[in-house]
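This is what each chain is made of:
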Amino acid sequence: MTVVLLTDFDDYYPASMKGVLERHGVAYTDGYHGVSRGDVHTAAFALKEYAREYPAGTVHCVVVDPGVGTDRAAVAVESGGQVFVGPDNGVLHPAATAAGDPTYYLVTDRDPEVATFHGRDVFAPVAARIAAGEPPSELGEETAEHEELAFHEARVVDGEAKAEVLYVDRFGNVVTTLSAEEMMDHVDFGDTIGVDGKELPLEPSYGHVAEGENLATVGSHRQLEIAVNDGSAAEEFDHSVGDTVHVDVTGSS
Amino acid sequence: MTVVLLTDFDDYYPASMKGVLERHGVAYTDGYHGVSRGDVHTAAFALKEYAREYPAGTVHCVVVDPGVGTDRAAVAVESGGQVFVGPDNGVLHPAATAAGDPTYYLVTDRDPEVATFHGRDVFAPVAARIAAGEPPSELGEETAEHEELAFHEARVVDGEAKAEVLYVDRFGNVVTTLSAEEMMDHVDFGDTIGVDGKELPLEPSYGHVAEGENLATVGSHRQLEIAVNDGSAAEEFDHSVGDTVHVDVTGSS
Amino acid sequence: MTVVLLTDFDDYYPASMKGVLERHGVAYTDGYHGVSRGDVHTAAFALKEYAREYPAGTVHCVVVDPGVGTDRAAVAVESGGQVFVGPDNGVLHPAATAAGDPTYYLVTDRDPEVATFHGRDVFAPVAARIAAGEPPSELGEETAEHEELAFHEARVVDGEAKAEVLYVDRFGNVVTTLSAEEMMDHVDFGDTIGVDGKELPLEPSYGHVAEGENLATVGSHRQLEIAVNDGSAAEEFDHSVGDTVHVDVTGSS
């Protein structure tokens, strides 16, 4: 029943949340605290990607919350045996949907000390109580209303796909919205694909091309990833999140 | 009996300290390792802020220590059921004072391998022994002498306060030395206050103003915080730690 | 039986690895995730330095792996009661050699979901199984072949040593390949040594010289370290990893 923390607090603030969790005597771990400030979309992607590795019983406590202290709701979402706690701004939605059939609870049993730090005053206490065995249904009422957030999913039509940049990782790898499932019906590793008019070798991993060479690959998330071996595709292709990427899968080996 | 680590080691050095703690079989967690190099004042502020969330029995191990290997003392401080271990440079003092009635012990039972890494060779072993149940009194003698460090506390006189910048967080929020307790006798949320001659709405949280707008709020530490919704007040107001901030609380709603 | 993580993933990727470890129910901790991208040499140095602090039974899981998904092998190395899991690119070699008499096992029992994230799909599961009690010999065959990586060791000849820069830490301290053992036969603290033609006081620690002053000292790794008290020797001496450093230990106090 470990609490996994995901925040955009690259500061001492997670230490305050951990104090709350220690007070409740529950186990916890740092997921990731380096989300760009208020970047709900990126946090939702990271959460969806890593949450699927965790066992049933895990409580994800997410604080990427530009609307802290406003009337946005706080929710606890049960899905697939895991619980997702955080602001109702969509950040939990993709992970909860991927995990199973989500049930949303409005967290109403709360009394924050200040309106500016719900991570410490609302989400950590709620996550702790759930990790300690309290069912989410005791923390608030089930609700059908909640914010949604969906990632674009590119489709291949006539050998071409108009994808988007979904994520850029610390290596500058550019993750797109074209899934391997969709793409690999049309091409195989060893083939060449077109990316924004450039011909790129589609390879299983980075080291299959020489250092500094561009490639297309299937990233950890099983999406088309544009990469440069030991380099930054984000720089090379001047791409950032939300950009359109034209993919051509009619090429051959 | 968890050991909480606070350092300015943004490097592999905490991993060495954790090895020591593993050897002693005690639990530990990362508080924060991103303190600016040698910034005792900021570390003291962060420690004071988060230590109050932790339960009795917690051992705080603090290594922000520009005087490592000199004749500055090493201390273990018992206060309010928690123990604070670190260099005697004032970094522990505000947290220990806030926690209760501190008793200082000089750590004399120590034999560092080198003079440059007391985090590994002195503070982690001492924190581990205390977390394992050894009383601080067995590690050294009680001492009345120790370094102190106090944060400025601004007072409102005739509706005005000369505050200081106490902390700037990763969001660029500017924490001042004017406490909410002192300030909220004079104004309420919804009022306007003057900050360095600018009129700012005093709001419970960031999202109560439009994106990019300035505001005054009460931060997690219950101090007046100057902020920009989804922006950096430190940049907007050109403020850094130690700067003077003129606050006027005579304005009205 | 704690798993210690060392990666160059300054992103959400360690959270995926932790999910795998949670699924296996084993304890784990963050060693360090800030290794420069693909910097096998630096990771090997950090691992060697901190691994020696950990007790027998520790499993080090290392993912600094520019060759992920290529035909480089995956290995588990038993040495001195610890186990080192990672790519066979030399990154484990100095630590395993320092820990005892290493036995290398080729990890052949593996089936990665994608070729781009062996941290999640190969190394974390293997580390988890070993931490849970499975002997490395059950995960693959013992092998005599493996990559090696050795750090330069400077020697003093006629009072002079041609050392190299081994590591630059976050403070800008420059760690050299001249060991304290080799150097301290010739000089004592309080003496002066020559570094690239400059005379530097050799002191036990940074605070023995005034702020902003250069010094030579013995760092946490018991190597000659060039430092500036509260400053950056890497900037002052314009040194980066691999640079040659001329050291003269014929000077006197």
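Residues numbered from 1 in each chain as written. Chains lettered and ligands numbered in written order. Predicted model: local features only at pLDDT ≥ 70, side-chain atom pairs only at ≥ 80, totals over all residues. Heavy atoms only, no water.

## Examining the pattern of salt bridges
Residue and element names in this part refer to chain B. Inspection of the entire model under this criterion finds 42 salt bridges over all chains. Salt-bridge contacts for Asp30 lead to Lys18; the nearest nitrogen and oxygen are separated by 2.8 Å. Residue Asp30 is located in strand S2 (residues 28–32), and its partner Lys18 is located in helix H1 (residues 13–23); the two are separated by 12 residues in the primary sequence. Note on accessibility: Asp30 and Lys18 belong to one class, buried. We note a salt bridge from Arg155 to Glu153, for which the minimum N-O separation is 3.1 Å. Judged by relative accessible area, which is 45%, Arg155 ranks as partly exposed. Glu153 sits in the exposed class, given a relative accessible area of 56%. (Salt bridge = Lys/Arg side-chain N within 4 Å of Asp/Glu carboxyl O. Helix = DSSP H or I, 4+ residues; strand = E, 2+ residues; numbered from the N terminus. Buried < 20%, exposed > 50% of the residue type's maximum accessible area, 1.4 Å probe, protein only.)

## Structural notes on the sheet that holds strand S4 (residues 74–79) of chain C
Residue and element names in this part refer to chain C. Taken in spatial order, the 7 strands make up an open sheet running S2-S1-S3-S5-S4-S6-S7, and their pairing is mixed. Looking at the sheet topology across the chains shown, the edges are occupied by strand S2 (28–32) and strand S7 (142–143). Bridge analysis of strand S6 (residues 103–106) against S7 gives 2 bridges, and the strand direction is antiparallel. Across the sheet, residue Tyr105 finds its bridge partner in S7, namely Glu142. (Pairing = 2+ DSSP bridges.)

## Structural notes on the relation of the copies chain C and chain A
Aligned on chain A, chain C shows an RMSD of 0.0 Å; the corresponding rotation is 120 degrees and the shift along the axis is 0.0 Å. Here the transformation between the copies is reduced to the relation of a three-fold axis. Interface overlap between copies: only 4% of the residues of chain C at the interface are likewise at the interface in chain A, consistent with a contact formed by different surfaces. (Least-squares fit on C-alpha atoms with pLDDT ≥ 70 in both. Contact = heavy atoms within 4.5 Å.)

## Regarding the packing of aromatic side chains
Applying the stated rule across the entire model yields 30 aromatic pairs over all chains. Measuring from ring centre to ring centre gives 5.1 Å for Phe45(A) and Tyr167(A), while their planes differ by 35 degrees; the resulting arrangement is tilted. Here Phe45(A), found in helix H2 (residues 40–51), pairs with Tyr167(A), found in strand S8 (residues 160–168); they are 122 residues apart in sequence, far enough to count as distant. In terms of burial, Phe45(A) and Tyr167(A) fall into one category: buried. For the pair Phe45(C) and Phe151(C), a centre-to-centre distance of 6.0 Å together with 85 degrees between the ring planes defines the contact as edge-to-face. Here Phe45(C) is found in helix H2 (residues 40–51), whereas its partner Phe151(C) is found in the loop between S7 and strand S8 (160–168), with 106 residues between them in sequence. Using a relative accessible area of 15% as the deciding quantity, one classes Phe151(C) as buried. An aromatic cluster of three or more residues is present, and its members are Phe9(A), Tyr12(A), Tyr13(A), Phe117(A), Phe45(B), Phe151(B), Tyr167(B) and Phe171(B). (Phe/Tyr/Trp six-rings, centres within 6.5 Å; stacked < 30°, edge-to-face > 60°.)

## Thoughts on the domain arrangement of chain A
All names here are of chain A. Taken as a whole, chain A is organised into domain 1 (3–143) and domain 2 (160–248). Computed over C-alpha atoms, the centres of domain 1 and domain 2 are 32 Å apart. Residue-level contacts link 5 residues of domain 1 with 6 residues of domain 2. Here domain 1 meets domain 2 over a buried area of about 580 Å², counting both sides, of which 64% is carbon and sulfur. At the junction of domain 1 and domain 2, the tally comes to 0 salt bridges. In this structure, the connection of domain 1 to domain 2 is made through 0 residue pairs in polar contact (both at pLDDT 80 or more). Grouping the amino acids of the side of domain 1 that touches domain 2 by side-chain chemistry returns 1 nonpolar, 2 polar and 2 charged. (Domains from an automatic or database assignment. Buried area = accessible area lost by both parts, 1.4 Å probe. Polar contact = N/O pair within 3.5 Å; in protein donor to acceptor, adjacent residues only side chain to side chain. Nonpolar A, V, L, I, M, F, W, Y, C, P; charged D, E, K, R; others polar.)

## Observations regarding the interface of chain B and chain A
Listed per partner, the contact involves 34 residues of chain B and 28 residues of chain A. In this assembly, chain B packs against chain A so that about 2,600 Å² is buried in total across both faces, 50% of it on carbon and sulfur atoms. Across the chain B-chain A interface, the total number found is 4 salt bridges. Between Glu53(B) and Arg23(A) there is a salt bridge; the shortest N-O distance is 2.8 Å. At the boundary of chain B and chain A, one finds 20 residue pairs in polar contact (both at pLDDT 80 or more).

## Section: the interface of chain C and chain A
Often the size quoted for an interface is simply the accessible area lost on bringing the parts together. Tallying the contact residues gives 27 residues for chain C and 34 residues for chain A. Taken over both partners, the interface formed by chain C and chain A buries close to 2,600 Å², and the fraction arising from carbon and sulfur atoms is 50%. Counting the surface chain C buries against chain A, the share from its top three residues, Tyr12(C), Arg37(C) and Thr116(C), is 29%. Run the count over chain C and chain A and you get 4 salt bridges. For the pair chain C and chain A, the number of links is 20 residue pairs in polar contact (both at pLDDT 80 or more). Elements supplying a minimum of two residues to the side of chain C that touches chain A: helix H1 (13–23) and S2 of chain C. In terms of residue count, H1(C) provides more of the side of chain C that touches chain A than any other element does, 8 residues in total.

## Comments concerning the pairing of strand S14 (residues 244–248) of chain A
All names here are of chain A. In S14, alternate side chains face the same way, and those of Val245 and Val247 are buried while those of Thr244, His246 and Asp248 on the opposite face are not. The pairing of S8 with S14 spans 5 bridges and is classified as antiparallel. Note that in S14 the partner of Ala163 across the bridge is Val245. Two strands pair when backbone bridges link them, and strand S10 (residues 192–195) and S14 are joined in this way by 2 bridges, in the antiparallel orientation. The residue bridging Gly194 from the neighbouring strand is Asp248, located in S14.

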